[in-house]
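Fold and geometry: a report
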Amino acid sequence: MSTVIKPEQTPDWRAFPDARGHFGPYGGRFVSETLMEPLLELQEAYQRYLQDPQFLAELDQDLAHYVGRPSPLYLAERLTRELGGAKVYLKREDLNHTGAHKVNNTIGQALLAKRMGKTRIIAETGAGQHGVATATVAARLGLECVVYMGAEDIQRQAPNVYRMRLLGARVVPVTSGSRTLKDALNEAMRDWVTNVDNTFYIIGTVAGPHPYPAMVRDFQAIIGREAREQYQAAEGRLPDALVACVGGGSNAIGLFHPFLADEGVTMYGVEAAGDGIDTGRHSAPLCAGRPGVLHGNRTYLMEDEDGQIIETHSVSAGLDYPGVGPEHAWLKDVGRVQYVPITDREAMDAFHRLTRTEGIIPALESSHAVAYGLKLAPTLAPEQGIIINLSGRGDKDINTVARLEGIEL
Amino acid sequence: MSRIAARFEALKARGRKALIPYITAGDPEPGNTVPLMHEMVAAGADIIELGVPFSDPMADGPVIQQACERALRHRVSLRKVLEMVGEFRRDNIETPVVLMGYLNPVEIMGYETLARDAARAGVDGVLTVDLPPEESAELAGALKRHGVDPIFLLAPTSHEARIRGVSEVAAGFVYYVSLKGVTGAATLDVDAVAQKLALIRRQTDLPVGVGFGISDAETAARVSRIADAVVVGSALVKRIAAHADDPAAGRREVTQVLAGMRRAMDQATTATPA
Ligand SMILES: Cc1ncc(COP(=O)(O)O)c(C=O)c1O
């Protein structure tokens, strides 16, 4: 694995972040003063309830009976045969209630909100999956819900917008800046700072100020804990590689985190290369960005030489974000995880290939992970195995795919 | 003594309170900023807060967001803002200038480079909205080494321990954000502000400025009775926006608003001692 850190120096990866939310030089709490006290309260509550057997029992119940966990670890036999290399397993987060991994986190944060006496939930969303997952738990707990969504994303993810409205959420179009996920996050932050007394902000990925990156990771780590057990039960050993797409990085860190200490397990975080890294039209800060501060944490960003955040591009709205969770920034620097680019074209091809070969329509985000898996599996031996995180299902994307192929629905 | 401290001492000696206008540098175009700074001084500004445009101004309401967008259309960078301050200093060496913005442009320039070049340009203070004291040691240290005051915010949510923490790293003055919200929000509750200021003054000897939600002369006057400085931003930037195609007309309106606030504040502080 890492050539940067020698084995005797290998830190306990799972002990991070430190008390102030730092993963090495990344993470932290970079927000205006008004939000500092609320963030400290949130951190305190989150740490307390994560030790509280009653809270954990309620969370487990909900994950089992509402979300439908554990999600299967599925051996894609036909795909494996076609690729002629390592066994390809899919972690089926697409089978969760609401169709993606996002609900693992919203269930956890909403329970926390309830415990903290908050009556109003806000969220930002890109693809709409996190918005739907938030609106869903808010409906179930009887909490008011407001979802901020870039005007551009509202266009390309219309079915999810309607879904959120059916669930009783107010979807607020964000028309500032690039009108996508980053601007929705800005607007949610502005709402939070204004209504902080009664409002809980459910961030949808492992970004934002501490404790969000750690908290969201802890709620998503159920993916990796299950996958580790399931793989061992199936194969009697650990997998050779893990593959997951990285937007903000929550499904990826959820899968990776429980394996970080397993040195034989190689990990690939797949970023959206859009039209190609060299075109500049992409969403791959780890592959082609540099460190800076945005949305409450220090991490790799897509920015210009003046420090202005630049517009990103990806066919998948959920990956169209100029930053990335700070833990990924750090795992990149220390060499524990490899971050690789996949273009729109490659993701689209993988979308079709998985659909035709296995009868599973993947989300366009997850299709990036599948695309890298298609490249990786043939380079490994048949006695080896990989797990691809199928973070979501593609129903929400069929309009986009049809349009790209010139088909009117 | 820093230019900011000297300005507050001089005001105190005359029983006056500081009026601090905020404008976004380069709004609506780069050529507008230095003339406007001089005109604001003539209209009664004591310290000028110059906004550094940022693509993602999370703590700002729509008025200042759009000001950032107008300035960024002209690619007004932090470097460019320093040049504007240098130009302003050719004709004014007395009025303190504070840069207000977000951390990322500073990160890219580098803390040491910013501190050195800001001092050279004649900048007196730097306020980075998204840099709380916990994360500020390195930047605050660099600024202080170059004689530039690191300015920090306090908020209605800041408890006593945080107020103490801020007053330990801050210099120049502290900036009390009068309400929970973004810039340009509804008007503030002067009584609530007065209570919080009393708490703040028990923790720090620095002058205390109050901003966010001050949009008219009457509110400015009432705040001037309890604070050392009144910061007004969106109310001015709105005027610039309304005349984006005729910046000179925008400048005239801004100076009129400021002059009105100046008069009201001076009446308030001389009529009834604070
Ligand atoms: C199905 C799916 N996968 C992945 C992502 C990207 O988010 P993250 O990187 O946090 O997993 C999204 C975001 O909307 C998503 O909907």
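Every residue gets a number counted from 1 within its own chain, in the order that chain's sequence is written. Chains and ligands are labelled by the order in which they are written, letters from A for the one and numbers from 1 for the other. It should be noted that, the model being predicted, local features are given only for residues of pLDDT at least 70 and side-chain atom pairs only at 80 or more, the latter also being counted only at that level, while totals for whole chains, interfaces and linings use all residues. To obtain the side-chain values, all non-hydrogen atoms of the structure were used and water was disregarded.

**Comments concerning the overall build of chain A**
To be explicit about the condition: Helix and strand assignments follow DSSP, with helices taken as H or I runs no shorter than four residues and strands as E runs no shorter than two, numbered in order from the N terminus. Here the globule rule reads 2.2 Å times residues to the power 0.38, and the radius of gyration is calculated from C-alpha atoms. The buried label applies to any residue whose accessible area, calculated with a 1.4 Å probe on protein chains only, is under 20% of its type's maximum; exposed applies above 50%, and partly exposed to all values in between. By definition in these notes, contact holds between two residues if any of their heavy atoms fall within 4.5 Å. Here, Shrake-Rupley sampling with a 1.4 Å probe gives the accessible areas, and only protein chains in the shown set may cover a residue. Two residue types count as positive, namely Lys and Arg, and two as negative, namely Asp and Glu; His and chain ends fall outside the count. The location of each charge is read from NZ of Lys, CZ of Arg, CG of Asp or CD of Glu.
Secondary structure assignment for chain A yields 16 helices and 14 strands. For 409 residues, the compact-globule formula gives about 22 Å, and the C-alpha radius of gyration of chain A, at 20 Å, lands near that figure. Reported as C-alpha extents along the three principal axes, the dimensions of chain A are approximately 55 × 55 × 50 Å. For chain A, the residues scored as buried account for 66% of the 409 residues in total. For chain A, long-range pairs separated by at least 24 residues make up 73% of all intrachain contacts whose partners lie at least 6 apart in sequence. Entry remark: accessible area of chain A is about 14,000 Å², with carbon and sulfur atoms responsible for 49%. Distance between charge centroids for chain A: 3 Å, based on 40 positive and 51 negative side chains.

**Points about the sheet that holds strand 8 (residues 208-211) of chain B**
Residues and elements named next belong to chain B. Just so we agree on the cut-off: Two strands form a pair only when DSSP identifies at least two bridges running between them. Here an angle of 0 to 180 degrees is reported between the N-to-C directions of two axes, which are lines fitted to C-alpha atoms, with helices fitted over the stretch in contact.
Overall, parallel pairing links the 9 strands, which are arranged 5-4-3-2-1-9-8-7-6 in an open sheet. The sheet terminates laterally at strand 5 (149-150) and strand 6 (152-154), the two strands that pair on one side only. By the bridge criterion, 3 bridges tie strand 1 (residues 18-24) to strand 2 (residues 48-51) in an arrangement that is parallel. Pairing of I23 across the sheet is with L50, part of strand 2. Taken strand by strand, helix 1 (residues 3-13) contacts strand 1, strand 3 (97-101), strand 4 (125-128), strand 5 and strand 9 (229-232), and its axis lies near 140° from that of strand 1.

**Structural notes on the interface of chain B and chain A**
The line we're drawing: Note on terms: buried area is the combined drop in 1.4 Å-probe accessible area of two parts once they are placed together, counting the loss on both. By convention in these notes, a salt bridge is any Lys or Arg side-chain nitrogen within 4 Å of a carboxyl oxygen on Asp or Glu. Under the rule applied, a polar contact is a pair of N or O atoms within 3.5 Å (in protein, one hydrogen donor and one hydrogen acceptor; residues adjacent in sequence only if both atoms are side-chain atoms).
Each side of the interface is counted separately: chain B has 38 residues, and chain A has 41 residues. Taken together, the two surfaces of chain B and chain A that pack against each other cover about 3,100 Å², and 48% of this comes from carbon and sulfur. At the surface where chain B touches chain A, the tally comes to 7 salt bridges. One salt bridge connects A:D197 with B:K180, and the closest N-O pair in it is separated by 2.9 Å. At the junction of chain B and chain A, the tally comes to 25 residue pairs in polar contact (both at pLDDT 80 or more).

**Quick notes on the site of the ligand**
Residue and element names in this part refer to chain A. The condition that has to hold: We call a residue near a molecule or strand whenever a single non-hydrogen atom of that residue lies within 4 Å of it.
Near the ligand there are 18 residues, and of these T205, G247, G249, S250 and S391 occur at the shortest range. Between the ligand and K102 there is a distance of 3.0 Å, counted from an oxygen atom to a side-chain nitrogen or oxygen. Contact distances for the ligand include 2.7 Å between an oxygen atom and a backbone N or O atom of G249. Summarising the interface, the protein chains cover 97% of the accessible area of the ligand, which totals 390 Å² for the free molecule.

**Some points on the confidence of the model for chain A**
Residues and elements named next belong to chain A. Quick note on the threshold: Here pLDDT means the predictor's own confidence in every residue, given as a number from 0 to 100.
Averaged over all residues, the pLDDT of chain A is 95; the fraction at 70 or higher stands at 97%. Model confidence for chain A, summarised as mean pLDDT per element, is weakest for helix 6 (residues 151-156) at 87 and strongest for strand 9 (residues 241-245) at 99. Every residue in residues 1-7 scores below 50 in pLDDT, and together they form 12 contacts with partners more than four places removed in sequence or on other chains.

**Some thoughts on the packing of aromatic side chains**
A ring pair, where both rings are aromatic, is described by two values, the distance of the centres and the angle of the planes. Residue and element names in this part refer to chain A. The condition that has to hold: Pairing of aromatic rings covers Phe, Tyr and the six-membered ring of Trp, with a centre-to-centre limit of 6.5 Å; geometry is then stacked below 30 degrees between planes, edge-to-face above 60, and tilted otherwise.
Under the defined criterion, the tally for this structure stands at 12 aromatic pairs over all chains. An angle of 35° between the planes, with centres 5.7 Å apart, marks the rings of Y26 and Y300 as tilted. With Y26 in strand 2 (residues 26-30) and Y300 in strand 12 (residues 296-301), this pair connects stretches of sequence that are 274 residues apart. In this structure Y26 comes out as buried when scored by relative accessible area, which is 4%. Given the relative accessible area of 9%, Y300 is considered buried.

**A short note on the packing of helix 14 (residues 344-358) of chain A against helix 15 (residues 364-376) of chain A**
Residue and element names in this part refer to chain A. Counted only if it meets this: When describing relative orientation, an angle under 35 degrees is termed roughly parallel and one over 145 degrees roughly antiparallel, while 65 to 115 degrees is termed roughly perpendicular and anything else oblique. For this classification, the nonpolar set comprises Ala, Val, Leu, Ile, Met, Phe, Trp, Tyr, Cys and Pro, the charged set comprises Asp, Glu, Lys and Arg, and every other residue, Gly included, is treated as polar.
Between helix 14 and helix 15, the shortest axis-to-axis distance is 7 Å and the interhelical angle comes to 85°. Taken as axis vectors, helix 14 and helix 15 run roughly perpendicular relative to one another. Mapping the contact onto sequence places E346, A347, M348, A350, F351, R353 and L354 in helix 14 and L364, S367, H368, V370, A371, L374 and K375 in helix 15. By residue class, the composition of the contact of helix 14 with helix 15 is 9 nonpolar, 2 polar and 3 charged.

**Topic: the side chain of A:S250**
Residues and elements named next belong to chain A. Here S250 lies in helix 11 (residues 250-256). Judged by its relative accessible area of 2%, S250 falls in the buried class. Beyond its immediate sequence surroundings of up to four residues, S250 is in contact with H101, K102, G204, T205, V206, V216 and Q220.

**Some words on the pattern of salt bridges**
Taken as a whole and assessed by the stated rule, the structure comprises 46 salt bridges over all chains. Between B:R162 and B:E134 there is a salt bridge, with the nearest N and O atoms lying 2.5 Å from each other. Of the two residues, B:R162 sits in helix 8 (residues 160-169) while B:E134 sits in the loop between strand 4 and helix 7 (137-145), which places them 28 residues apart along the sequence. Of the residues examined, B:E134 reaches a relative accessible area of 30% and is grouped as partly exposed. Between B:D228 and B:R201 there is a salt bridge, and its shortest N-O distance comes to 2.9 Å. Remark: B:R201 occurs in helix 9 (residues 190-203) and B:D228 occurs in the loop between helix 10 (217-224) and strand 9; sequence separation between them is 27 residues. Where salt bridges share partners, they join A:R69, A:K91, A:E93 and A:E226 into one cluster.

**Notes on the environment of A:I202**
Residues and elements named next belong to chain A. Locating I202 in the fold gives a position in the loop between strand 8 (199-201) and helix 9 (212-220). With a relative accessible area of 0%, I202 lands in the buried category. Taking C-alpha positions, I202 is 14 Å from L181, a pair spaced 21 residues apart along the chain. Every residue in contact with I202, bar those within four places of it in the chain, is listed here: T106, Q109, A110, I121, I122, A123, E124, H130 and T134.

**Quick notes on the sheet that holds strand 6 (residues 144-150) of chain A**
Within a beta sheet, neighbouring strands are joined by backbone hydrogen bonds and run either parallel or antiparallel to one another. Residues and elements named next belong to chain A. Here we have 4 strands laid out as an open sheet, ordered 7-6-5-8, and parallel in their pairing. Taken across any chain shown, the strands that pair with only one partner, and hence form the sheet edges, are strand 7 (170-174) and strand 8. Here the average twist between neighbouring strands, direction ignored, is 25°. When strand 5 (residues 120-125) meets strand 8, the two strands line up parallel, connected through 3 bridges. Within the sheet, the bridge partner assigned to R120 lies in strand 8 and is T199.

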